Each structure stands twice: as structure tokens, then as C-alpha cells.
Amino acid sequence: MTTLPLISLILSILSASTHAFDQVYEQPVIGILTFPYTSSSLLPLSSDQSVVSNILNPSSLKFASSRFGEAPDGAVSYFDASYKQWLEEGGARVAPIPYDIDEDELTELFSKINGVLFTGGPATPETIPEYFKTASKIYGLVTESEDHVPLWGTCLGFETISSIVAEGGESVLGDFDAEQISLPLMFTGAASESRVFGPEMPQQIKDILWSQNVTTNWHTYGVGVDNFESLLSSELVATSTNFDRGGLEFVSSMEHISKPVFAVQWHPESNQYDTTDKAGDDTPNRSAEGVQAMNYLSGWFVEEARKNDHSFEDGDDFKAHILSSEGDGVVFDNWVYWFEHS
Ligand SMILES: *[C@@H]1O[C@H](CO)[C@@H](O)[C@H](O)[C@H]1NC(C)=O
Ligand SMILES: *[C@@H]1O[C@H](CO)[C@@H](O)[C@H](O)[C@H]1NC(C)=O
């Protein structure tokens, strides 16, 4: 054997390992933290309404039962397909992060994904301790990482980030009357410096967001402006607020002072992808402008996720984590991805 083929073999192995996989530009991967489902604690059975109303936001009961009623056997966690679709619209792929993942596995997975999303859900963060614990660890990884790995929180995700920053206190959340209403954002002074709504955002998108009723609110909890000021403002900046039906002002968008953490109390995935079709509702607003604004936001967030070079080891490792359709331990049913955990 001459040395030349050996050298070229070594070179090709080296180049295969450094260029094996162009994840970041081709298809950045966003982890979505799954939400716990246990039939005994979350299914709104009429036999024990008191347990249910402690755990669930009562106005979500109808929504929850229509979906949870059809949970497949063995499912222990889930998220709505709309969150995945919103990220895919921006060019990303999605990897589920089981809410009960152990710490070592989480750290390893975090080193391979390019961003994280916390979804909405029918509960308050502190009623779901395992989810909250994992969410807190992820928040720590994101804010302590030297890499730019963005985190996006939507609705319950916003409330979760608020509760984490307020150090687990439920007290940061208050009651608001903001179910099923589309609102125009009221930008704060800080919005002009926002990484989301500031100079990077085209004027046309800003104009839609502040002047038209396109942001979908589906919440009975929220963070009032006073609580934000006293409990969160050392770490987070409020970039928009809104008034609920009773005239109470809540923070509707926020971001971390310096780290890539962004959260909205409204649902940017809903205008295009919510398919619950609650007849007669004004939400979500499917106007061309509403869809255009939410589409911009998915692209913006996925672009943030291209700012780190986290990557799976190779195509097989990538495929093993990516959610494509049904597969081992995954059932797609009623526009929900349901997961079994091993
Ligand atoms: C539009 O937003 C305003 C607040 O700016 C709100 O008072 C009104 O109820 C909203 N309209 C609809 C149809 O949701
Ligand atoms: C939906 O948004 C359009 C503009 O994009 C606005 O004219 C309309 O009033 C909104 N509808 C509701 C129900 O808020």
C-alpha cells in the first residue's frame, strides 16, 4: 500500500467529520419542550372537578377536553402541531424535548440544537413541577451559554419564563380577562431598541402589529405592569403591553436585557396554523396582514437560531431526534403530537 491513498483516506475522514452536516444553514433545529399529559391529573373528568380546577385554567377546560379526551394510550406528553409548523415556516426543523428529560441528556441535546421554544398550555407553571424544573434548566443553559442559542416563549411559555425569573413565585402572575381576543400591540418606549421589534423589523410589519387587531390572546393569566416592574425588570425588558377586557394592563411582549430570550403572551403560530376552528370566534385573525406579520416573526426567530454552530453528530443522529411524522413513541392525532417516553 502506498502512502497516498492512506493520506487521502485520512483527509476524507477529517473533512467528513468537520463538514459532515451543515445543520445551521440548511435546517437549524429548534427543540420544543413537551407538555405533560397524565389522564389522572389533567383530564377534566367530572368526578373530581375540584382537582381539575386547581390544575387547569378553568376557561381552557373545553379546549382541553376536546383534545385530551382523545389522547392515545401511553401518551405522557404532547404539543400542538401549530408550534412545529410555525418554526418550520421559518426554515427550522423541530426536535421534541421531553418535559421529564434527565439533566445529562438535556445538556447533551442542548449542545446539538440551535434554539428552544416553550409552547402555550392549559395550566400555570408551578402546577406542573417537572415541566417547570426542566424549563428552568433550559433557561439556565440559554442564559449561561457562550453560544447564541435563542429561546422563544409563547403564552404559557411567557408565563413560565416570568415565573423562572421571579424565582418560581406564582405571585408574578395575575388574573386577566383576555381569552379569545385579537389585539394590536401597544409598543413601549423600549420597543425601539428591541431586537424583535426595533430597527431590524420592517416598518410594514411594525405598522401591522401596532395598528391592527392581529395578535391572538388566549389567556386568563398574565403579568401585570406593576409585577413586571417589581419582579422581572432587572432581567427582562417589556416591549409591548395591552389592556384586557376589564381595562387591566398586562405585558404582552418581552425580551431578556442581553441574552437571546424572547417571549410573547399572544400566539404568533395561531393565525396560520391553529385549526381548532372555534366557530364565531374573532381569534385567530387570518387576515393577510396578520399572517404576514406572524410569518415574519417565525423567519426572524429561526434566523436567530442560525447564529450558533450547534449540530447533531451526523445525519443519523439528526434523524433520530427530528420530529417528522408518526414514528416510535409518537402519534399525530387531532393536530397534536403525542409522545410516549421511555
Ligand atoms: C381591537 O383592539 C381593541 C384594542 O385596541 C379592542 O378594544 C377591540 O375589542 C379589538 N377588536 C376586536 C374585534 O377584537
Ligand atoms: C383582523 O385584522 C384585520 C386587518 O389585518 C382587521 O381589519 C380586522 O378588524 C381584524 N379582525 C378582528 C376580528 O379583529
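All values derive from a computational prediction rather than experimental measurement.

Undergrad: An account of the overall build of the protein chain is needed here, citing residue identities and associated values.
TA: Assigned secondary structure in the protein chain consists of 14 helices and 14 strands. In the protein chain, which comprises 342 residues, the proportion classed as buried is 45%. Counting only contacts in the protein chain whose residues sit at least 6 apart along the sequence, the fraction spanning at least 24 positions is 79%.

Undergrad: Summarise helix 9 (residues 156-165); cite the residues concerned and give the values.
TA: Burial analysis of helix 9 places 10 of its 10 residues in the buried class, the great majority of the element. Residues of helix 9 that are buried: Leu156, Gly157, Phe158, Glu159, Thr160, Ile161, Ser162, Ser163, Ile164 and Val165. Glutamate 167, located one to two residues past helix 9, shows a positive phi value of around 55°.

Undergrad: If you had to explain the site of ligand 1 to someone new, which residues and values would you point to?
TA: Looking at ligand 1, the residues that line it are Ile181, Ser182, Leu183, Pro184, Asn213 and Asp282. Of the residues assigned to the shell around ligand 1, the class counts are 3 nonpolar, 2 polar and 1 charged.

Undergrad: Can you break down the sheet that holds strand 3 (residues 77-80) residue by residue, with the values?
TA: In spatial order, the strands read 2-3-14-13; together these 4 strands make up an open sheet with antiparallel pairing. A strand with exactly one partner marks an edge of an open sheet, and here the two such strands are strand 2 (35-36) and strand 13 (330-333). Summarising the sheet, strand 3 and strand 14 (residues 336-339) pair through 4 bridges and their orientation is antiparallel. Across the sheet, tyrosine 78 pairs through a bridge with tryptophan 338, a residue of strand 14. Packed on one face of the sheet, helix 6 (residues 81-89) meets strand 3 and strand 14 and runs near 55° to strand 3.

Undergrad: Pulling in residues and values, what's your account of the packing of helix 8 (residues 129-144) against helix 9?
TA: Close contact between helix 8 and helix 9 brings their axes to 10 Å; oriented N to C, the two are set at 75°. Regarding the angle of helix 8 to helix 9, the classification is roughly perpendicular. On helix 9, the residues that touch Phe132, Ala135, Ser136 and Tyr139 of helix 8 are Thr160, Ile161 and Ile164. In terms of residue class, the contact of helix 8 with helix 9 is built from 5 nonpolar, 2 polar and no charged.

Undergrad: How would you sum up the sheet that holds strand 5 (residues 115-118)? Please name residues and give values.
TA: With mixed pairing, the 8 strands of this open sheet are ordered in space as 4-1-5-6-12-11-10-8. Each end of this open sheet is capped by a strand with a single partner; those strands are strand 4 (93-97) and strand 8 (186-187). Pairing of strand 6 (residues 151-154) with strand 12 (residues 261-264) involves 4 bridges; the strand directions are parallel. From the neighbouring strand, glycine 153 faces strand 12, where its bridge partner is alanine 263.

Undergrad: Any chance you could break down unusual backbone geometry for me, citing the residues and the numbers?
TA: If you check the backbone angles, cysteine 155 has positive phi at about 55° while not being a glycine. Residue position: cysteine 155 is located in the loop between strand 6 and helix 9. With a phi angle near 55°, glutamine 180 is a residue other than glycine that sits in the positive phi range. Considering the arrangement of structural elements, one finds glutamine 180 in strand 7 (residues 174-183).

Undergrad: So what about the nonpolar core? Which residues, and what values?
TA: Among the nonpolar cores identified, the biggest contains 82 residues, and Ile30 and Tyr78 are the most heavily contacted of them. Ranked by residues supplied to this core, first place goes to helix 13 (residues 288-305) with 6 residues. Dropping the residues within four chain positions of it, tyrosine 78 is found in contact with Thr34, Phe35, Tyr37, Val336, Tyr337, Trp338 and Phe339.

Undergrad: Please give an account of the environment of alanine 305 that cites residues and values.
TA: Structurally, the position occupied by alanine 305 is in helix 13. Residues alanine 305 and valine 29, 276 residues apart in the sequence, show an inter-C-alpha distance of 7.9 Å. Those residues in contact with alanine 305 that sit more than four places away from it in its chain are Pro28, Ile30, Ala92, Asn114, Gly115 and Pro150.

Undergrad: Now, about the confidence of the model for the protein chain: what can you tell me, with residues and values included?
TA: For the protein chain, the average pLDDT comes to 84, and 80% of its residues sit at 70 or higher. The low-confidence segment residues 40-66 (pLDDT under 50) makes 28 contacts with residues lying over four places distant or belonging to another chain.

Undergrad: So what's going on with the environment of histidine 219? Residues and values would help.
TA: The topology assignment puts histidine 219 in strand 9 (residues 215-222). The spatial distance from the C-alpha of histidine 219 to the C-alpha of aspartate 177 is 7.3 Å, given a sequence separation of 42 residues.

Cut-offs and rules
- Residues numbered from 1 in each chain as written.
- Chains lettered and ligands numbered in written order.
- Predicted model: local features only at pLDDT ≥ 70, side-chain atom pairs only at ≥ 80, totals over all residues.
- Helix = DSSP H or I, 4+ residues; strand = E, 2+ residues; numbered from the N terminus.
- Buried ≥ 20, exposed ≤ 12 C-beta atoms within 10 Å, placed from the backbone.
- Contact = placed C-beta atoms within 7 Å.
- Near = placed C-beta within 6 Å.
- Nonpolar A, V, L, I, M, F, W, Y, C, P; charged D, E, K, R; others polar.
- Pairing = 2+ DSSP bridges.
- Axes fitted to C-alpha atoms, helices over the stretch in contact; angles between N-to-C directions.
- Parallel < 35°, antiparallel > 145°, perpendicular 65-115°, else oblique.
- Core = buried A, V, L, I, M, F, W, Y, C linked by C-beta atoms within 7 Å.
- pLDDT = per-residue confidence, 0-100.

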